[in-house]
Amino acid sequence: MTTRRSSASDRTDEALDLLTNVVLFRNMPRRMLLELAQKLRPVQYRAHTDIFHEGDEGATLYIILKGAVKIFIPSLDGREVVLAVHRKYDLLGEMSLLDDEPRSASATTIENTEAVSLSRHDFLAVLDRHPEAQRAIIDVLVARLRATNQSIQDAYLLDVPGRLARRLLAIANEHGEATEDGVDIGLRVSQQELANMIGASRVAVNKQLQQWRKQRIVDVNRQRVTIVNRSALEREYSLSP
Ligand code: CMP
């Protein structure tokens with residue numbers, strides 16, 4: 001009996017811990033968090049599963065708990081522009097809930113992913129009742145606009161090695177793990193996906209990675225990229241025209 005009660009309370013504590021790590025719910029009183037926890041629906045996706053498509057009607061917000069989700073705009077000829085990769089505690093699908101327009105981009109998992117979803121009605125109720133949450137959403141949108149501005153600047157001002165170096169370092173800064181050989185960038189992405197992130201061809205990305213491999217700047221093993229010589233990679237984008 002005692003054990004059961006404590007495991008239920010452990011689960012509640014776990015749910016609350018999880019919510020307090022999500023920027024949207026930070027500083028929210030415990031009472032509201034408990035109420036909210038009841039409204040979240042757990043969802044699970046295998047790697048390479050579509051969550052929604054650009055142009056769909058948006059009815060749900062997702063909060064990622066585990067895994068990685070690629071946000072991209074597909075083109076008619078099968079190519080795609082990768083706008084971002086969202087991971088643990090990131091929000092997904094807030095834009096169409098806020099402006100009532102269709103989904104602005106498509107979302108596909110690149111790893112097995114666990115998330116919780118919140119309906120439009122419950123999401124908007126949180127924003128109405130909690131000014132801190134409005135502020136948090138503004139922070140999320142501004143951070144995404146800054147990252148997008150940076151990508152536009154890179155696309156105009158850097159060459160392929162510069163854009164690739166910058167992107168690998170940015171991924172590693174966010175998700176990297178130190179290993180014996182250097183810093184594993186922490187995200188399993190194909191060379192095609194890396195190419196789609198920087199607006200280059202897969203062939204150009206492959207050629208560059210092989211060159212850096214020979215120079216012991218990076219190591220590439222299937223979808224695992226390790227930064228072996230960070231300062232050399234930093235030089236690649238600072239020297240980029
Ligand atoms: P929504 O438009 O509902 O569906 C696509 C989602 O992708 C969008 O909400 C955001 O959550 C996310 N998204 C769209 N554009 C970007 C971007 N430039 N950077 C990061 N995330 C984005």
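The rules behind these values
Residues numbered from 1 in each chain as written. Predicted model: local features only at pLDDT ≥ 70, side-chain atom pairs only at ≥ 80, totals over all residues. Heavy atoms only, no water. Pairing = 2+ DSSP bridges. Helix = DSSP H or I, 4+ residues; strand = E, 2+ residues; numbered from the N terminus. Contact = heavy atoms within 4.5 Å. Axes fitted to C-alpha atoms, helices over the stretch in contact; angles between N-to-C directions. Near = heavy atom within 4 Å. Polar contact = N/O pair within 3.5 Å; in protein donor to acceptor, adjacent residues only side chain to side chain. Areas by Shrake-Rupley, 256 points an atom, 1.4 Å probe, with all protein chains shown as cover. 1 Å grid on protein atoms, 1.4 Å probe; cavity = no way out; pocket = protein on both sides within 12 Å on 5 of 7 lines; lining within 4 Å. Sits in = over half its atoms within 2 Å of the grid points. Points joined across faces, edges and corners; volume = space filled by probe spheres on them. Nonpolar A, V, L, I, M, F, W, Y, C, P; charged D, E, K, R; others polar. Phe/Tyr/Trp six-rings, centres within 6.5 Å; stacked < 30°, edge-to-face > 60°. Buried < 20%, exposed > 50% of the residue type's maximum accessible area, 1.4 Å probe, protein only. Lys NZ or Arg CZ within 6 Å of the ring centre and 35° of its normal. Salt bridge = Lys/Arg side-chain N within 4 Å of Asp/Glu carboxyl O.

**Quick look at the sheet that holds strand E1 (residues 41-45)**
Stage number 1. Within the open sheet, the 4 strands sit side by side as E1-E8-E3-E6. Their pairing is antiparallel. The sheet is open, and its two borders are formed by E1 and strand E6 (91-92), each paired with just one other strand.
Stage number 2. Strands in contact with helix H4 (residues 120-129) are strand E3 (60-66) and strand E8 (113-119); relative to E8, the strand with the most contacts, it is inclined by about 75°.

**Digging into unusual backbone geometry**
Stage number 1. For Tyr 89, which is not a glycine, the phi torsion comes out positive at approximately 75°.
Stage number 2. Secondary-structure assignment places Tyr 89 in the loop between strand E5 (80-86) and E6.
Stage number 3. Positive phi, close to 65°, is recorded for Asp 100, a residue that is not glycine.
Stage number 4. Its place among the elements puts Asp 100 in the loop between helix H3 (94-99) and strand E7 (106-109).

**Considerations on the environment of Ile 137**
Stage number 1. Within the element layout of this structure, Ile 137 appears in helix H5 (residues 131-157).
Stage number 2. In this structure the C-alpha to C-alpha distance between Ile 137 and Asn 173, which are 36 residues apart in sequence, comes to 23 Å.

**Notes on the site of the ligand**
Stage number 1. Taken together, the neighbourhood of the ligand is formed by 15 residues, with Gly 93, Glu 94, Ser 96, Arg 103 and Ser 104 sitting nearest.
Stage number 2. Taking Met 95, its main chain carries an N or O atom lying 3.3 Å from an oxygen atom of the ligand.
Stage number 3. Across the complex, the protein chains shield 93% of the 450 Å² of accessible surface that the ligand would expose by itself.
Stage number 4. Cavity membership is defined here by more than half of the atoms lying within 2 Å of grid points; on that basis the ligand lies in the largest pocket.

**As for the pairing of strand E4 (residues 69-74)**
Stage number 1. In the sheet, E4 pairs with E5 via 6 bridges, with the strands oriented antiparallel. Across the sheet, Phe 72 pairs through a bridge with Val 82, a residue of E5.
Stage number 2. Where E4 folds back on E5, the antiparallel hairpin that results is connected by 5 residues, among which Gly 78 adopts a positive phi of roughly 95°.
Stage number 3. Across 4 bridges, E4 lies against E7 in antiparallel orientation. By the bridge assignment for E7, Phe 72 is matched with Ser 106.

**Let's talk about the layout of surface pockets**
Stage number 1. What the largest pocket holds in volume is close to 1,600 Å³.
Stage number 2. Around the largest pocket sit 50 residues that line it, and Leu 83, Ala 84, Ala 147, Thr 148 and Ser 151 are the ones nearest its centre.
Stage number 3. For the lining of the largest pocket, the element with the most residues is H5, which contributes 13 residues.
Stage number 4. Here the residues of the lining of the largest pocket are counted per class, giving 27 nonpolar, 11 polar and 12 charged.
Stage number 5. What the second largest pocket holds in volume is close to 300 Å³.

**Some remarks on the packing of aromatic side chains**
Stage number 1. Following the criterion strictly, the structure yields 1 aromatic pair and no others.
Stage number 2. Ring centres of Phe 52 and Tyr 62 lie 6.2 Å apart, and the angle between their planes is 35°; on these two criteria the pair is classed as tilted. Of this pair, Phe 52 sits in strand E2 (residues 50-52) while Tyr 62 sits in strand E3, and the two are 10 residues apart along the sequence. Assigned by exposure class, Phe 52 and Tyr 62 land together as buried.
Stage number 3. For the cation-ring pair, Lys 70 lies above Phe 72, with the distance from its terminal atom to the ring centre recorded as 4.9 Å.
Stage number 4. The ring of Phe 52 has Arg 103 sitting right over it, with the charged end atom 4.0 Å from the ring centre.

**Re the pattern of salt bridges**
Stage number 1. On inspection of all chains with the given rule, the structure shows 13 salt bridges.
Stage number 2. Note that Asp 77 and Arg 79 form a salt bridge whose closest N and O atoms lie 3.1 Å from each other. Both residues of the pair, Asp 77 and Arg 79, count as exposed.
Stage number 3. Linking Arg 224 and Asp 184 is a salt bridge whose minimum nitrogen-to-oxygen distance equals 2.9 Å. Here Asp 184 lies in strand E10 (residues 182-184) and Arg 224 lies in strand E12 (residues 224-227), a separation of 40 residues in the sequence.
Stage number 4. Residue classification places Asp 184 among the buried residues on the basis of a relative accessible area of 3%.
Stage number 5. Taken together, the shared-partner salt bridges connect Arg 26, Arg 135 and Asp 139 into one network.

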